[in-house]
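Spelled out, the chains give:
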Amino acid sequence: MLITPQFPVYSKQLRHCHCCPRRCRVDRLAGEVGFCKIGGQALVSHVGLHHGEEPPISGDHGSGTIFFAGCNLRCVFCQNHQISQNFQHSSVTPMSTAALADAMLRLQADGAHNINFVSPSHVLWQMADAIVSAKSKGLVLPIVYNSNGYDSPAALGQIRGLIDIYLPDLKYMDTSMAHNYSKVDDYAEVVGGVLAEMLDQVGHLELDDNDVAQKGLLVRHLVMPDGMENSKQCLRLLAKLDRQTTISLMSQYSPQHHAAQHPNINRTLSLAEYEEITDFALSLGLDNVFVQALSSQEVYLPDFDKDQPFAR
Ligand code: SF4
């Protein structure tokens, strides 16, 4: 799709921020910050090829990830807490529209299968302007929007046509879990509309001849210990949305960050729990499902204090 480069257009909306469902209405261009703690310029903590995503996203060459700092949730178990919540103590780089566009073009030159924006919900407008800029300079890779699912359907509607692959989490349908573990009260209310908007924009996941994703929706659900009913409610929502939806059922939960203060989630997931949820997905007719080995619980833990956060 040819997009006319006329930017920064989207970022003007940072003057009265309603970029995500928090609707803080602060003037981020004047240096004010809301819940996400990020002002007018996006902060980036890591840019590089990543091989730890689902196979159709990472492919053989890697996904071209751009990790944003800050977040509009406060997950007590966040494995990226160094950059999502404590980025003031991490090495992060403020990036302009031009710098973000250059980073995308470098990832394309390095052989990435796609450009994968990780945690973009609170910097959606900065990201959108940068995509328009990069496309005007020759970016042709699919764009992946890899979010926590706490997005604004209206804001997503405004970037229709810029995103090829939506890769959202579906974390909660249980409102008390959302409140206790991520400091959000309307996640379950919002996320159904978010997923419907995403599916409407890009349809179901489409792979090329090498099984690399080119377009579509892939929903992630992290199965949490003691969260069986929450996981089942999430799967029921997906079955209602569309049984053909591609799902990644993740077993990699690990009690990181402040999880020790919450006894119910201060452990890894058991095999019995994970199997209960994978079986339940199949019983609902959801059979486009990626599953994970339980041994993944430590494999995926990054350290953003290192130059290569995912190196082991
Ligand atoms: S993006 Fe940040 S400032 Fe804007 S509404 Fe969301 S949390 Fe508030």
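For the structure itself, look to the data block above.
Residues numbered from 1 in each chain as written. Predicted model: local features only at pLDDT ≥ 70, side-chain atom pairs only at ≥ 80, totals over all residues. Heavy atoms only, no water.

K.L.:
I would appreciate a short explanation of helix H3 (residues 97–109) in the present structure.
P.N.:
Spacing of three or four residues puts side chains on the same side of an α-helix, whose turn is 3.6 residues. If you check H3, its first and last C-alpha atoms are 19 Å apart, about what 13 residues at 1.5 Å a residue would give, namely 18 Å. The complete set of buried residues in H3 reads Thr 97, Leu 100, Ala 101, Ala 103, Met 104 and Leu 107. Along the long axis of H3, the arc covered by the buried residues comes to 155 degrees, so they all point the same way. Lining the buried residues of H3 we find strand S1 (42–50), strand S2 (63–68), strand S3 (93–95), strand S4 (115–118) and helix H4 (124–136). Backbone geometry just downstream of H3 places Gly 111 in the positive-phi region, at approximately 100 degrees. (Helix = DSSP H or I, 4+ residues; strand = E, 2+ residues; numbered from the N terminus. Expected span 1.5 Å × (residues − 1). Buried < 20%, exposed > 50% of the residue type's maximum accessible area, 1.4 Å probe, protein only. Arc of directions from axis to C-beta. Contact = heavy atoms within 4.5 Å.)

K.L.:
Explain the pairing of strand S5 (residues 143–146) here, please?
P.N.:
Here is the key point about a regular strand: its side chains alternate between the two faces of the sheet. Here S5 shows no split at all, with Ile 143 and Tyr 145 on one side and Val 144 and Asn 146 on the other all buried. In the sheet, S4 pairs with S5 via four bridges, with the strands oriented parallel. Within S5, the position partnered with Phe 117 by the bridge is Tyr 145. Read from S4 through H4 to S5, the crossover connection turns out right-handed. As defined by bridge partners, S5 adjoins strand S6 (residues 165–166) across two bridges and the pair is classed as parallel. Within the sheet, the bridge partner assigned to Val 144 lies in S6 and is Ile 165. (Pairing = 2+ DSSP bridges. Right-handed = clockwise from strand over helix to strand, strands pointing away.)

K.L.:
Got a minute to help me understand the site of the ligand in this structure?
P.N.:
With respect to spatial proximity, the complete set of residues near the ligand consists of Cys 17, Cys 19, Cys 20, Arg 22, Arg 23, Cys 24, Val 26, Arg 28, Gly 34, Phe 35, Cys 36 and His 122. Looking at the shell around the ligand residue by residue, the class counts come to seven nonpolar, two polar and three charged. (Near = heavy atom within 4 Å. Nonpolar A, V, L, I, M, F, W, Y, C, P; charged D, E, K, R; others polar.)

K.L.:
Before we go on, may I ask you to explain the pattern of salt bridges in this structure?
P.N.:
Pairing is possible between side chains of opposite charge, provided their charged atoms come close. Inspection of the entire model under this criterion finds ten salt bridges. In this structure, the salt-bridge partner of Arg 15 is Asp 27, at a minimum N-O distance of 3.2 Å. A residue pair is termed long-range when its members are at least 10 positions apart, and Arg 15 in the segment before S1 and Asp 27 in the segment before S1 qualify at twelve residues. Judged by relative accessible area, which is 48%, Arg 15 ranks as partly exposed. A salt bridge links Glu 276 to Lys 232; its shortest N-O distance comes to 2.8 Å. Note that Glu 276 is positioned in helix H9 (residues 271–283) and Lys 232 in helix H8 (residues 228–241), a separation of 44 residues in sequence. (Salt bridge = Lys/Arg side-chain N within 4 Å of Asp/Glu carboxyl O.)

K.L.:
Can you walk me through the state of the cysteines in this structure?
P.N.:
Two cysteines, two sulfur atoms, one covalent bond between them: this is a disulfide. A complete count under the given rule lists zero disulfides for this structure. With no disulfide partner, Cys 234 has as its closest neighbouring cysteine sulfur the one in Cys 75, 13 Å distant. Using a relative accessible area of 0% as the deciding quantity, one classes Cys 234 as buried. (Disulfide = S-S within 2.5 Å.)

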